[in-house]
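A closer look at the structure
These are the residues of each chain, in order.
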Amino acid sequence: MRNFTDPTVRIEHMMWIPTFQGCFPFAMVIGGLTSSTFSPRVSAFIGCALVTSSVALSAYAIQHSFALFFVVYGLLFGLGSGIAYVTAVSTAINWAPDKIGVVSGIVAAGFGLSSSIFAPIQTMIVNPLNLPATKDGYFVQPELLMRVPSLFTKLAIIYGIMQGIALIVVCDPPFRIRHSGLGSLSEYIFSASASQRYAGVSYSRVRLDEQVVVETTNRPAADPSKSRSNESITNSVDDEDDDDEDPVFDNDEDTTIQMTSSEMLKSPTFYCLFASLFCCSFYANMFYNLYKTYGESFIEDDMFMAMAFSVASVANAIARIGWGYLTDRTSFQIALSTATCLASVFLLTMPMTRELGKMAFLFWLTGTFICMGATHALFITATVKCFGNRHKARNYGYLILSTTASGVLLAAISQFYLKAIGYTYLFIITSIFPFCAFIIISCIQWTPQGKSVT
């Protein structure tokens with residue numbers, strides 16, 4: 001863009017793009033509405049179509065203006081991404097309601113793992129000769145820059161194929177056989193004894209005249225045939241209503257709390273989670289968006305940066321599942337407190353990597369990415385545990401608005417103050433945010449629903 005579209009555009013301006021890519025306002029609320037109104041597959045299709053279209057259109061937008069590129073690759077991409085992500089994680093939780101942490105961690109891992117695959121691919125397509133950037137983090141080689149627009153087209157084709165395959169299997173579980181006693185799907189997967197119970201199960205249609213009728217002792221004398229017929233029909237209707245209204249699996253851990261979004265917004269617990277997610281997303285967005293430009297200020301190896309990012313992304317994806325598992329075994333409070341304390345240490349000492357070299361940079365990058373993995377995996381779990389499963393998509397959508405607020409603050413700081421502050425003081429200041437999240441979460445048990453996550 002600096003060389004062909006707008007020479008006034010700087011890296012600091014581009015911070016607005018990922019800010020709205022990852023947290024478009026109300027995108028996840030919209031995703032919850034589309035999923036409940038239509039179906040998970042339709043909702044996911046809408047999100048995927050918006051994402052793929054935005055990537056394809058970006059090949060045109062990046063050559064014309066920053067504003068158009070921001071709308072297409074920032075707002076439109078963020079809208080589709082939010083709809084698709086909240087639909088995927090909500091649907092997965094429906095299949096295994098007793099393993100919320102692990103399941104949400106797996107979905108979040110897929111969300112984060114993609115960067116470890118596509119970052120090296122993008123680098124090899126655009127910069128196959130591993131040409132260096134300038135000290136300010138910009139590339140100026142014409143042969144490299146000319147490959148950028150076509151990259152968006154190629155990525156859009158790849159994304160469309162992958163999403164089309166994935167949409168085939170996106171669905172909610174079928175209606176429950178209420179008295180089967182089988183438990184949830186996760187129990188079947190994780191328990192060896194459960195598979196034996198499933199192995200001998202079969203279902204067949206029962207005729208109306210074969211249904212068991214329970215005679216009541218207090219029923220007054222009446223026509224026996226009429227009584228049996230009415231009782232049988234009533235039982236049949238009741239069973240159908242139960243199947244339609246209830247979720248698929250029996251879950252002994254289901255909470256009695258089922259708060260709507262309006263009720264949740266009145267709870268102090270929500271604002272504790274909102275504030276802690278604001279702090280976590282601020283440090284995560286800052287590091288994710290600026291680690292490369294910081295690293296390129298003393299590492300002149302673009303291919304190393306791409307591979308380092310891939311290694312860190314794989315660690316981040318594995319960590320998301322690990323943080324989810326830790327949450328299920330301990331609590332949200334313990335898992336997030338551990339992650340935020342470690343993040344504060346890594347951010348506070350990150351400026352040391354300039355003197356220690358690129359392998360130290362890789363270690364700090366990976367460590368911080370592991371801590372960042374807790375943010376995506378844990379807060380959806382806290383939302384379900386505190387406010388219930390029924391409205392989880394919309395409730396999480398309102399909670400995720402905190403990432404929009406933190407992203408806007410980060411983008412404004414980067415655009416107007418990054419050059420004056422410098423990376424060293426930016427890392428030191430940012431290390432305060434995860435520590436603030438630790439303090440907030442340490443006090444959450446004193447809020448109305450806070451004990452559910454401690």
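Only a predicted model underlies this, so the values are computations on that prediction, with no experimental measurement involved.

Note on placement: Thr430 falls in helix H19 (residues 401-430). On the accessibility criterion, Thr430 (1% relative accessible area) is buried. A distance of 2.6 Å separates a polar atom in the side chain of Thr430 from the backbone oxygen of Leu426.

Residues Leu348, Tyr425, Ile428, Ile429 and Ile432 make up a contiguous nonpolar surface patch of roughly 480 Å² in combined accessible area. If one sorts the elements of the nonpolar patch by residue count, H19 sits on top with 3 residues. Within the element layout of this structure, Leu348 appears in helix H15 (residues 332-349). Overall, the relative accessible area of 48% leaves Leu348 in the partly exposed class.

Any two packed helices are characterised by the angle at which their axes cross and by the distance between the axes. Where helix H6 (residues 100-126) contacts helix H17 (residues 358-387), the two axes come as close as 8 Å, and the packing angle between them is 140 degrees. Every pair of crossing elements has a handedness; the one defined by H6 and H17 is right-handed. Taking contact as the criterion, the partners of Ile100, Gly101, Ser104, Gly105, Ala108 and Phe111 in H6 are, on H17, His376, Ala377, Ile380, Thr381 and Val384. For the contact of H6 with H17, the class distribution of residues is 6 nonpolar, 5 polar and no charged.

Counting residues in each nonpolar core, the largest one holds 103 residues, and the members touching the most others are Leu273, Phe287, Phe332, Phe379 and Tyr396. Broken down by element, this core gets its largest block of residues, 17 residues, from H17. Leaving out residues up to four positions away in the same chain, Phe287 has contacts with Leu347, Met350, Trp364, Leu365, Thr368, Phe369, Met372 and Phe427.

Further remarks concern the packing of helix H3 (residues 27-37) against helix H5 (residues 66-95). Packing of H3 against H5 brings their axes to within 7 Å, and their N-to-C directions diverge by 50 degrees. Looking at the two axes, H3 sits oblique to H5. For the crossing formed where H3 meets H5, the hand is right-handed. Along its contact with H3, which presents Ala27, Met28, Ile30, Gly31, Gly32, Thr34 and Ser35, the element H5 presents Gly78, Leu79, Gly82, Ile83, Tyr85, Val86 and Thr87. Considering only residue class, the contact of H3 with H5 consists of 7 nonpolar, 7 polar and no charged.

Moving on: the environment of Cys341. Take Cys341: it is sitting in helix H15. You can call Cys341 partly exposed: its relative accessible area is 29%. Distance in space between the C-alpha atoms of Cys341 and Phe438 is 6.8 Å, their sequence separation being 97 residues.

In this structure the tally under the stated criterion is 27 aromatic pairs. Pairing Phe298 with Phe361 gives two aromatic rings, centres 6.0 Å apart and planes at 85 degrees, and the pair type is edge-to-face. Here Phe298 is found in the loop between helix H13 (268-295) and helix H14 (302-329), whereas its partner Phe361 is found in helix H17, with 63 residues between them in sequence. Note on Phe332 and Phe379: the rings are 5.4 Å apart at their centroids and 75 degrees apart in plane angle, and the pair reads as edge-to-face. Highlighted residues: Phe332 in helix H15 and Phe379 in helix H17, separated in sequence by 47 residues. Here Phe332 and Phe379 have matching classes, each one buried. Linked through ring pairs, Phe287, Tyr288, Tyr291, Tyr294, Phe298, Phe309, Phe361, Phe369, Tyr423 and Phe427 together constitute an aromatic cluster. One residue, Arg2, lies across the ring of Tyr138, its end atom 4.2 Å from the ring centre. Between the NZ or CZ atom of Lys358 and the centre of the ring of Phe304, over which it lies, the distance is 4.9 Å.

Following the criterion strictly, the structure yields 1 salt bridge and no others. Residue Lys358 is joined to Asp301 by a salt bridge in which the shortest nitrogen-to-oxygen separation is 3.8 Å. Placement of the pair is Lys358 in helix H17 and Asp301 in the loop between H13 and H14, with a sequence separation of 57 residues.

Rules of the game
Residues numbered from 1 in each chain as written. Predicted model: local features only at pLDDT ≥ 70, side-chain atom pairs only at ≥ 80, totals over all residues. Heavy atoms only, no water. Helix = DSSP H or I, 4+ residues; strand = E, 2+ residues; numbered from the N terminus. Buried < 20%, exposed > 50% of the residue type's maximum accessible area, 1.4 Å probe, protein only. Polar contact = N/O pair within 3.5 Å; in protein donor to acceptor, adjacent residues only side chain to side chain. Patch = residues over 30% accessible without salt bridge, like charges linked within 9 Å, V, L, I, M, F, W, Y side chains within 5 Å. Areas by Shrake-Rupley, 256 points an atom, 1.4 Å probe, with all protein chains shown as cover. Salt bridge = Lys/Arg side-chain N within 4 Å of Asp/Glu carboxyl O. Axes fitted to C-alpha atoms, helices over the stretch in contact; angles between N-to-C directions. Left-handed = near helix turned anticlockwise from the far one by under 90°. Contact = heavy atoms within 4.5 Å. Nonpolar A, V, L, I, M, F, W, Y, C, P; charged D, E, K, R; others polar. Core = buried A, V, L, I, M, F, W, Y, C linked by side-chain atoms within 4.5 Å. Parallel < 35°, antiparallel > 145°, perpendicular 65-115°, else oblique. Phe/Tyr/Trp six-rings, centres within 6.5 Å; stacked < 30°, edge-to-face > 60°. Lys NZ or Arg CZ within 6 Å of the ring centre and 35° of its normal.

Geometry only, nothing functional implied.
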